[in-house]
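Structural overview
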Amino acid sequence: MKKVFESKYGTEVEELKKHLEDKCFESQIHETFENFELLVDENIYDEVLTEIKGIKKKLSGSVIADKKPAQEKKPNQYEKGSFEYHVEEFFRLSFLKLLLISALYSLVVSIGFAIYASCKFGLEKTFRTNALLAYACVFCLVMVLSLLLLISTRYYRVFSIFRDVFTICSGNNDFDAEEKRKSFAFIKATIGHVFILGIIIYIFSGIL
């Protein structure tokens, strides 16, 4: 974790943390004898720094800018192509890339339904106004479900405040435990997308 902001006012740091969470940035508050510090992961430090500097509201605290020359994100330490490598790459994705993945996944599912319908009913019935509306509904529904699943997985720490409090209290916050949680979250996201596809097929099989 890397310090990006500090202030002697705890409420100011808490408000900034909430603002970052609204922008889907994970952060943690660390209290010292003199200040309240806001910490973020090194992979999103530059993005968070830009976001804080862009806030119009004047902050009484100090933005902690890295004095070192700008560097690329820390390289993926795992062997390329391995399961751990893909997990690590997933947790480096930005919100816009998650949105793109959801859109592509939804588009593939919608095209699959269109191909199935054209084989069963022919092209004329497949591309009628009512049919196109049904494909649009499939696309929107799948995209919403997929995006919710991806966001809750990618930013799982934001949605597990109580678990994090327990982890901090117990001191069980080691690297291996964190990697296991990431792997488990990644597997759940993969299975979740298969489950979404199954539900959509079940619902719309009656319609088609």
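This text follows the structure it describes.
Read on for an overview of the structure. (Residues numbered from 1 in each chain as written. Predicted model: local features only at pLDDT ≥ 70, side-chain atom pairs only at ≥ 80, totals over all residues. Heavy atoms only, no water.)

**Looking at the packing of aromatic side chains**
Formally: Only Phe, Tyr and Trp rings take part, Trp by its six-membered ring, and two of them pair if their centres are within 6.5 Å. Stacked means planes under 30 degrees apart, edge-to-face means over 60, and tilted covers everything else. For each residue, the accessible area found with a 1.4 Å probe, counting protein chains only, is set against the maximum for its type, and the residue is called buried under 20%, exposed over 50%, and partly exposed in between. A run of H or I in DSSP counts as a helix once it spans at least four residues, and a run of E counts as a strand once it spans at least two, with each numbered from the N terminus.
Evaluated as defined, the whole model comprises three aromatic pairs. The interplanar angle of 90° and the centroid separation of 5.3 Å between the aromatic rings of Phe 90 and Phe 91 together place this pair among those described as edge-to-face. The exposure classification of Phe 90 matches that of Phe 91, with both residues buried. With a centroid separation of 5.7 Å and 70° between ring planes, the pair formed by Phe 90 and Phe 186 is classed as edge-to-face. Taken as a pair, Phe 90 in helix H3 (residues 83-90) and Phe 186 in helix H8 (residues 175-205) lie far apart in primary sequence, 96 residues in all.

**Observations concerning helix H1 (residues 10-22)**
Condition: One fewer than the residue count of a helix, multiplied by 1.5 Å, yields its expected span. Residues are treated as being in contact if the distance between any of their heavy atoms lies within 4.5 Å.
Under the 1.5 Å per step criterion, the end-to-end length of H1 is 19 Å for 13 residues, consistent within 8% with the ideal 18 Å. Structurally, H1 contributes buried residues whose contacts are with strand E1 (2-7), strand E2 (28-31), strand E3 (36-40) and helix H2 (45-53). Cys 24 sits one or two positions beyond H1 and adopts a positive phi of about 65°.

**Remarks on the environment of Gly 112**
In this structure, Gly 112 sits in helix H4 (residues 95-121). Residue classification places Gly 112 among the partly exposed positions, given a relative accessible area of 35%. The sequence separation of Gly 112 and Tyr 135 amounts to 23 residues, and the corresponding C-alpha distance is 9.8 Å.

**Some thoughts on the pattern of salt bridges**
To keep it simple, the criterion reads: Salt bridge, as used here: a side-chain nitrogen of Lys or Arg that lies within 4 Å of a carboxyl oxygen of Asp or Glu.
Using the criterion set out here, one finds seven salt bridges in the structure. Residue Glu 88 is joined to Arg 92 by a salt bridge in which the shortest nitrogen-to-oxygen separation is 3.6 Å. Residue classification places Glu 88 among the buried positions, given a relative accessible area of 9%. Residue Arg 92 is classed as buried on the basis of its relative accessible area, which comes to 15%. Within the structure, one salt-bridge network assembled from shared partners comprises Lys 3, Glu 6 and Glu 37.

These values are about where atoms sit, not about what they do.
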